[in-house]
Amino acid sequence: MTHPSDAVVAAGRLTSAQTLAEAARKWPEATGLLIDGTRLTWAELDAEAMLWAKGLIAAGVKPGAHIGILMPNCADYVRLFYACGMIGATALTINARFKDDDLAYAISHSDMDVLFIGGHAMPHMDFHAMLCRMYPSLADWRGGALELQDAPGLRAIFNISDSRDHGWPNQTAFLDAGARITDDRVASARDAVSPDAHALMMYSSGTTAHPKACMLNHRTLGMIGAAFAERFDLKPGDSVMNPLPFFHMSTMLPMAACRASGAAQIGTAHFDPGEALRLMEEEHVTFGYLSFPTLVNGVINHPDFQTRDLSALRYLHTVGPAETIEKYMRLFPQSHYINAYGLTEATGVPCYTDPADPQADAAVVSGRPFDGLGAKAVDPETLADLPPGERGEIWLSGWALFDGYYKDAEQTEKTLVDGWLRTGDMGIVRPDGRIVYDGRLKDMLKIGGENVAALEIETFLCAHPDIQIAQVIGVPDDHLFEVAAAFVELAPGATLTPEEVVDFCLGHIASYKIPRYVRIVSDWPMSTTKIQKFKLPRDFSADEKIDPKLRAKAS
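Residues numbered from 1 in each chain as written. Predicted model: local features only at pLDDT ≥ 70, side-chain atom pairs only at ≥ 80, totals over all residues. Heavy atoms only, no water.

1. Topic: the overall build of the chain
For the chain, the count of helices and strands is 17 helices and 26 strands. A burial count over the chain gives 57% of its 555 residues as buried. Taking all contacts inside the chain whose residues are at least 6 apart in sequence as the whole, residues at least 24 apart take part in 69%. If you sum the accessible surface of the chain, you get close to 22700 Å²; carbon and sulfur atoms cover 51% of it. Of the side-chain charges in the chain, 48 are positive and 71 negative, and the distance between the mean point of each set is 2 Å. (Helix = DSSP H or I, 4+ residues; strand = E, 2+ residues; numbered from the N terminus. Buried < 20%, exposed > 50% of the residue type's maximum accessible area, 1.4 Å probe, protein only. Contact = heavy atoms within 4.5 Å. Areas by Shrake-Rupley, 256 points an atom, 1.4 Å probe, with all protein chains shown as cover. Lys, Arg positive; Asp, Glu negative; His and termini not counted. Charge placed at Lys NZ, Arg CZ, Asp CG, Glu CD.)

Structure follows, in structure tokens:
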């Protein structure tokens with residue numbers, strides 16, 4: 001295993017807020033954040049975060065407290081994140097897609113001290129109405145002590161940027177109360193926070209009944225941001241377009257890279273392909289951190305795509321089947337495509353392809369872990385290490401591992417084994433240390449006694465020019481025990497039928513792998529940025545079943 005650079009190690013000695021102060025000192029006039037028309041320099045962002053830190057102190061927030069943030073992307077979100085770091089509180093970034101049950105669980109399970117909600121999302125997400133529905137007594141609450149039986153630790157709620165007056169404490173009340181706190185008090189608090197203190201509590205989605213709360217400290221967040229900036233040579237004047245939500249590590253990690261390097265972060269509350277293209281041209285975006293085919297497809301299918309000047313774009317990052325990635329490479333010939341592999345438990349994304357790697361490899365190789373991190377493949381049944389090049393469960397080690405799941409020692413013990421993180425993902429670790437992701441360990445189908453990776457079928461389906469996204473699940477079958485069912489999103493203007501999808505598979509993949517059920521869809525059940533396969537419907541009728549043998553005979 002290689003060692004991290006001195007710069008990466010040094011980044012681990014500072015908290016997120018301390019790194020922000022350094023960015024404000026080094027690059028005071030450089031843009032640090034641009035989001036939906038709000039532009040803040042590094043100096044402005046540091047100064048405004050300090051105002052919010054004063055508000056937290058005035059609200060009685062202590063070091064180690066868990067501060068809930070339930071908002072869409074906005075500048076206030078970033079101010080509050082840094083303010084938490086200034087006083088040693090943990091920012092609990094809540095998935096804005098949570099429904100009542102998951103939100104109630106997170107508020108109670110996390111021992112949340114104070115909750116901030118944002119009216120920015122109206123009318124799409126009315127968090128005030130949602131909380132009143134969950135806790136009826138809040139309908140008559142007008143500030144003061146909270147006494148919620150199902151959330152006894154929650155002391156206060158602040159309703160930020162909601163034009164409607166519900167009588168709840170708002171942003172003005174929060175900041176006015178902090179006016180009596182001195183700058184020196186905040187500066188002293190910031191200096192006292194240890195890099196080993198928790199910066200983030202983030203609920204990771206999965207197939208369990210409730211999401212698990214991952215604990216991430218400032219040290220690993222600072223190191224992974226510096227490692228990202230180092231690999232891609234980010235510097236002041238660079239700009240990273242990242243429209244993903246702040247409650248996801250695919251945004252928190254690039255944000256850490258920007259504050260480590262002086263690059264600008266460009267975000268939005270709602271992704272609009274036309275607006276994204278305008279900003280990419282006008283802001284000379286150098287790194288398109290779009291991450292998922294849904295966003296890239298929106299850009300390339302927009303009528304402005306052919307006319308905008310994207311020559312500044314050095315890197316484009318997204319993940320997907322090889323055929324999809326190869327298409328993006330052709331459409332962005334001036335950019336270097338970046339593949340990646342990661343999970344929240346490894347501080348987001350600890351593995352990217354290197355710009356020095358052959359570009360053709362990037363379509364199939366997930367990348368090389370950052371220096372100081374290890375990777376191996378393990379037999380998921382025997383837990384024996386596998387030789388390089390053999391497929392197994394990916395295990396990771398090194399400085400990027402999370403601190404465990406909050407209040408879940410049993411699951412933490414199962415996940416962190418002798419200094420290694422069991423990812424639950426299948427793949428290959430090549431002799432050169434690069435990782436080839438090959439689907440979820442549990443995302444396997446058992447068809448007629450054969451183990452089949454859903455990713456294998458999905459990758460093949462995405463080779464069809466009319467298919468943008470394919471997701472495959474297993475459904476029960478009387479004959480084969482389980483068969484593949486494919487959910488398919490078509491390219492704009494395409495009119496593919498389920499039968500034509502099956503016809504595309506005939507003679508090209510093994511017959512038992514051909515989906516017996518195909519549904520054409522336009523919407524997906526999403527967590528943050530991932531499609532939640534376990535929520536895809538399994539209510540297939542006998543009339544929907546397509547027999548590949550009959551299709552072959554008919555042709």
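2. Concerning the nonpolar core
The biggest cluster of nonpolar side chains holds 123 residues, and the ones touching the most others in it are Ile-107, Leu-115, Phe-116, Leu-131, Leu-138, Phe-228 and Tyr-352. With 10 residues, the top contributor of residues to this core is helix H4 (residues 75-87). (Core = buried A, V, L, I, M, F, W, Y, C linked by side-chain atoms within 4.5 Å.)

3. Focus on the sheet that holds strand E14 (residues 340-343)
Strand order in the open sheet made by the 3 strands is E14-E15-E16, with antiparallel pairing throughout. On the outer flanks of this sheet lie E14 and strand E16 (368-369), each paired with one strand and no other. Pairing between E14 and strand E15 (residues 348-352): 3 bridges, direction antiparallel. Note that in E15 the partner of Ala-340 across the bridge is Tyr-352. (Pairing = 2+ DSSP bridges.)

4. Structural notes on the pairing of strand E22 (residues 444-447)
Residue alternation in E22 divides its side chains into a buried set, Leu-445 and Ile-447, and an unburied set, Met-444 and Lys-446. Of the pairings in the sheet, the one linking E22 to strand E23 (residues 450-453) comprises 4 bridges and is antiparallel in character. For Met-444, the partnering residue across the bridge sits in E23 and is Ala-453. In this structure, the hairpin formed by E22 and E23 is closed by a connection of 2 residues, where Gly-448 is found at a positive phi of approximately 55°.

5. Considering the packing of aromatic side chains
Inspection of the entire model under this criterion finds 25 aromatic pairs. Here Phe-116 and Phe-158 contribute two aromatic rings whose centre-to-centre distance is 5.2 Å and whose plane-to-plane angle is 20°, an arrangement assigned as stacked. Note that Phe-116 is positioned in strand E5 (residues 114-118) and Phe-158 in strand E6 (residues 156-160), a separation of 42 residues in sequence. Pair check on accessibility: Phe-116 and Phe-158 agree, each one buried. Here a set of aromatic residues connected by ring pairs shows up, and it is made of Phe-228, Phe-232, Phe-287, Tyr-289, Tyr-315, Tyr-352 and Phe-370. (Phe/Tyr/Trp six-rings, centres within 6.5 Å; stacked < 30°, edge-to-face > 60°.)

6. Quick look at the sheet that holds E6
Judged by pairing direction, the sheet is mixed, and its 6 strands sit side by side in the order E6-E5-E3-E4-E7-E8 without closing on themselves. Two strands close off the open sheet at either side, each with one partner strand: E6 and strand E8 (212-217). The sheet shows a mean angle of 20° between the axes of neighbouring strands, taken without regard to direction. Pairing of strand E3 (residues 66-70) with strand E4 (residues 90-93), which is carried by 4 bridges, proceeds in the parallel orientation. Bridge pairing in E4 links Gly-68 to Leu-92. (Axes fitted to C-alpha atoms, helices over the stretch in contact; angles between N-to-C directions.)

Note that all results are geometric; they support no functional claim without further evidence.
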